[in-house]
Amino acid sequence: MEVEIVELKKRMNSLEDIQRILVNRSVLAKLDQRKDFEIDPSNPIFVIQKIVAKAYDINVFLLATKAYGNKTLRQARKMAMGLCAEHSGETHETISIAFGRSKPSTVSHAFKNMMALKEKDSEFRSKYEFCEEEILKEKLHHHNKKTD
């Protein structure tokens, strides 16, 4: 699995690459069954995943893998799931599927952990604030596009 992740990380330079690779994953097979969930660059879950990946300087694909990962990846995944719960408007079930998880309770757990980490870890808090700011910019940008 580690070799596969390293190889994927080397090849993934754009959102199209990410989507192409994710299409081969069972996650999208499940998402495809849900007609209310669209796989596109403006989907709020993917936007949040991309923002968190940028904050942690990791590949966005790693957030949706089943790999447990190191502390940085685990924190990034918690933050991304928590921010999706807070900002995406999607159900916990949909969010958990988008992150390759089978239980919606994983999202609730991630949200609680995110809030606790935000209070006690200043580095985590600064990344959280960066992500919040970027998400709000994206929401404003998306809203302005709709009104034009």
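Structure's up top.
The following paragraphs examine the structure supplied in this document. Source: prediction; values computed, not measured.

### A short note on the overall build of the chain
Check the secondary structure of the chain and you find 8 helices and 0 strands. Listing every helix and strand of the chain by position from the N terminus yields α-α-α-α-α-α-α-α. Here the chain, with 148 residues, has 45% of them falling under the buried criterion. Sequence-distant contacts in the chain: of pairs separated by 6 or more residues, those separated by 24 or more amount to 59%. On the chain, roughly 8700 Å² of surface is accessible, and the fraction owed to carbon and sulfur atoms is 51%.

### A look at the nonpolar core
The biggest cluster of nonpolar side chains holds 30 residues, and the ones touching the most others in it are V52, Y56, L63, M79, L83 and F99. Counting residues per element, the ones that place at least two in this core are α4 (44-56), α5 (71-87), α6 (92-98), α7 (105-120) and α8 (122-147). Broken down by element, the residue count for this core peaks at 8 residues, all from α4.

### What to know about the environment of K78
Positionally, K78 belongs in helix α5. In sequence terms K78 and L117 are 39 residues apart; their C-alpha atoms lie 9.7 Å from each other. What K78 contacts, discounting residues up to four positions off in sequence, is A110, N113, M114 and L117.

### Here's the deal with the environment of A64
Examined against the element boundaries, A64 turns out to sit in the loop between α4 and α5. Under the relative-accessibility criterion, A64 is labelled buried at 13%. Distance from A64 to I97, taken between C-alpha atoms, is 8.7 Å for residues 33 residues apart in sequence. Residues within four places of A64 in sequence aside, it is in contact with A98, F99 and G100.

### Considerations on unusual backbone geometry
One non-glycine residue, D57, lies in the positive phi region at around 55°. Summarising the element assignment, D57 is placed in the loop between α4 and α5. Judged by its relative accessible area of 69%, D57 is exposed.

### Details of α7
Taking 1.5 Å per residue, 16 residues should reach 22 Å; α7 reaches 23 Å between its end C-alpha atoms and fits that length. Among all positions in α7, only V107, A110, M114, L117 and K118 are buried. An end-on view of α7 places all buried positions within 100° of arc, on one side of the element. For α7, the exposed residues set more than 90 degrees away from the buried face come down to H109, K112, E119 and K120.

### Observations regarding α5
The terminal C-alpha atoms of α5 lie 24 Å apart, and with 17 residues this matches the ideal 24 Å at 1.5 Å per residue to within 8%. The N-cap of α5, judged by a side-chain oxygen 3.2 Å from the amide nitrogen of T72 a few residues on, is N70. Immediately beyond the C-terminal end of α5, within one or two residues, lies G89, with a positive phi of roughly 80°.

What counts and how
Residues numbered from 1 in each chain as written. Predicted model: local features only at pLDDT ≥ 70, side-chain atom pairs only at ≥ 80, totals over all residues. Heavy atoms only, no water. Helix = DSSP H or I, 4+ residues; strand = E, 2+ residues; numbered from the N terminus. Buried < 20%, exposed > 50% of the residue type's maximum accessible area, 1.4 Å probe, protein only. Contact = heavy atoms within 4.5 Å. Areas by Shrake-Rupley, 256 points an atom, 1.4 Å probe, with all protein chains shown as cover. Core = buried A, V, L, I, M, F, W, Y, C linked by side-chain atoms within 4.5 Å. Expected span 1.5 Å × (residues − 1). Arc of directions from axis to C-beta. Polar contact = N/O pair within 3.5 Å; in protein donor to acceptor, adjacent residues only side chain to side chain.

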